[in-house]
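Take a look at the letters that make up each chain.
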Amino acid sequence: MKSIAVFCGSSNGASAVYKEGAAALGKELAKRGITLIYGGASVGLMGAVADAVLAEGGKVIGVIPQMLQTREIAHTNLTELIVVESMHERKAKMEQLSDGFLALPGGPGTLEEFVEIYTWAQLGLHRKPFGLLNIQDYYEPLVKFFDHMTSEQFLQEKYRSMVLVDSDPAALLDKFGSYEPPAVKTYIKEDQT
């Protein structure tokens, strides 16, 4: 695994533990030589994870839409900052650059990005690992909701098991390393070479 996209908030949240968790993830990514792919901001958990990777000598690629360059305060010290036209283009670029996807705590935007990647996995559009860094049980209601979807037969168990969850960054990244996606009908175009 060479790169991981991290979806997270552009605010710090109500507890310092969220920012500490983002920094711990950043340090672990740098320690493992994994490039951080993220939304390109210098503020909130986005800035915390990027700053931690950079402080440890790691590589960070930010992907930010033009309209958010000033609103989210684009990070100016990244390895690379890619400016795109739209939120859709941002997600597509992050997916293209990443070998896996991880969500730190965040708001509706973070949830939307994570759920879209989840949906793409169900459809067989990618076979990459994805998960939730469950800092201070932030994602516990969402995990329970996924379980509820499964028990109510709106989500098959093989798809429910795709979501990797842990409160420890190292343990979650270890799960990424051993991830085996379930057999799903794929819509990925095979290389013709």
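Anyway, here's the lowdown on the structure attached to this text. (Residues numbered from 1 in each chain as written. Predicted model: local features only at pLDDT ≥ 70, side-chain atom pairs only at ≥ 80, totals over all residues. Heavy atoms only, no water.)

## Overview of the overall build of the protein chain
Part 1 of the reasoning: Each helix and strand counted, the protein chain has seven helices and seven strands in total.
Part 2 of the reasoning: Overall, the protein chain shows an N-to-C arrangement of helices and strands of β-α-β-α-β-β-α-β-α-β-α-α-β-α.
Part 3 of the reasoning: Relative to the compact-globule value of 16 Å for 193 residues, the protein chain shows a C-alpha radius of gyration of 16 Å, a close match.
Part 4 of the reasoning: Classification of the 193 residues of the protein chain by burial places 49% in the buried group.
Part 5 of the reasoning: Counting contacts in the protein chain only where the partners sit at least 6 residues apart, residues at least 24 apart contribute 71% of the total. (Helix = DSSP H or I, 4+ residues; strand = E, 2+ residues; numbered from the N terminus. Rg over C-alpha atoms; globule rule 2.2 N^0.38 Å. Buried < 20%, exposed > 50% of the residue type's maximum accessible area, 1.4 Å probe, protein only. Contact = heavy atoms within 4.5 Å.)

## Overview of the packing of aromatic side chains
Part 1 of the reasoning: Taken as a whole, this structure holds seven aromatic pairs when the rule is applied.
Part 2 of the reasoning: For the pair Phe7 and Phe101, a centre-to-centre distance of 6.3 Å together with 5° between the ring planes defines the contact as stacked. In this pair, Phe7 sits in strand S1 (residues 3–7) while Phe101 sits in strand S5 (residues 101–103), placing the two residues 94 residues apart along the sequence.
Part 3 of the reasoning: Taking relative accessible area as the criterion, Phe7 reaches 3% and is therefore assigned buried.
Part 4 of the reasoning: Looking at Phe101, the relative accessible area reads 0%, which means it is buried.
Part 5 of the reasoning: Three or more aromatic residues joined by ring pairs make a cluster, and in this case those are Phe114, Tyr118, Phe130 and Phe146. (Phe/Tyr/Trp six-rings, centres within 6.5 Å; stacked < 30°, edge-to-face > 60°.)

## Brief notes about helix H3 (residues 87–97)
Part 1 of the reasoning: Among the residues of H3, Arg90, Lys91, Met94 and Glu95 are the ones counted as buried. Angularly, the buried residues of H3 cover 130° about the axis, an arc narrow enough to put them on a single face. Exposed residues on H3 whose side chains face more than 90 degrees from its buried face are His88 and Gln96. (Arc of directions from axis to C-beta.)

## Concerning the packing of H3 against helix H4 (residues 108–122)
Part 1 of the reasoning: Contact pair H3 / H4: the axes reach a minimum separation of 12 Å and the direction vectors enclose 55°. Between H3 and H4, the interaxial angle falls into the category oblique. Viewed along their axes, H3 and H4 form a crossing whose handedness is right-handed. Residues Arg90, Lys91 and Glu95 of H3 form the contact with H4, whose participating residues are Glu112, Glu113, Glu116, Ile117 and Trp120.
Part 2 of the reasoning: Of the residues in the contact of H3 with H4, the class split is two nonpolar, no polar and six charged. (Axes fitted to C-alpha atoms, helices over the stretch in contact; angles between N-to-C directions. Parallel < 35°, antiparallel > 145°, perpendicular 65-115°, else oblique. Left-handed = near helix turned anticlockwise from the far one by under 90°. Nonpolar A, V, L, I, M, F, W, Y, C, P; charged D, E, K, R; others polar.)

## Let's talk about the sheet that holds strand S6 (residues 130–133)
Part 1 of the reasoning: Taken together, seven strands build an open sheet; the order of strands is S4-S3-S2-S1-S5-S6-S7 and the sheet is parallel. Unpaired on one side and paired on the other, strand S4 (80–84) and strand S7 (163–166) mark the two borders of the sheet. For this sheet, the mean angle separating the axes of adjacent strands, direction not counted, is 25°.
Part 2 of the reasoning: In the sheet, S1 pairs with strand S2 (residues 35–38) via three bridges, with the strands oriented parallel. (Pairing = 2+ DSSP bridges.)

## What about the pairing of S6?
Part 1 of the reasoning: What you see with S6 is no split at all: Phe130 and Leu132 on one side and Gly131 and Leu133 on the other are buried throughout.
Part 2 of the reasoning: Taken together, the three bridges between S5 and S6 define a ladder with parallel strand orientation. From the neighbouring strand, Leu102 faces S6, where its bridge partner is Gly131.
Part 3 of the reasoning: Handedness of the crossover is the feature at issue here: the chain leaves S5, passes through H4, returns alongside S6, and the resulting connection is right-handed.
Part 4 of the reasoning: Where S6 meets S7, four bridges bridge the pair, whose relative direction is parallel. Within the sheet, the bridge partner assigned to Phe130 lies in S7 and is Val163. (Right-handed = clockwise from strand over helix to strand, strands pointing away.)

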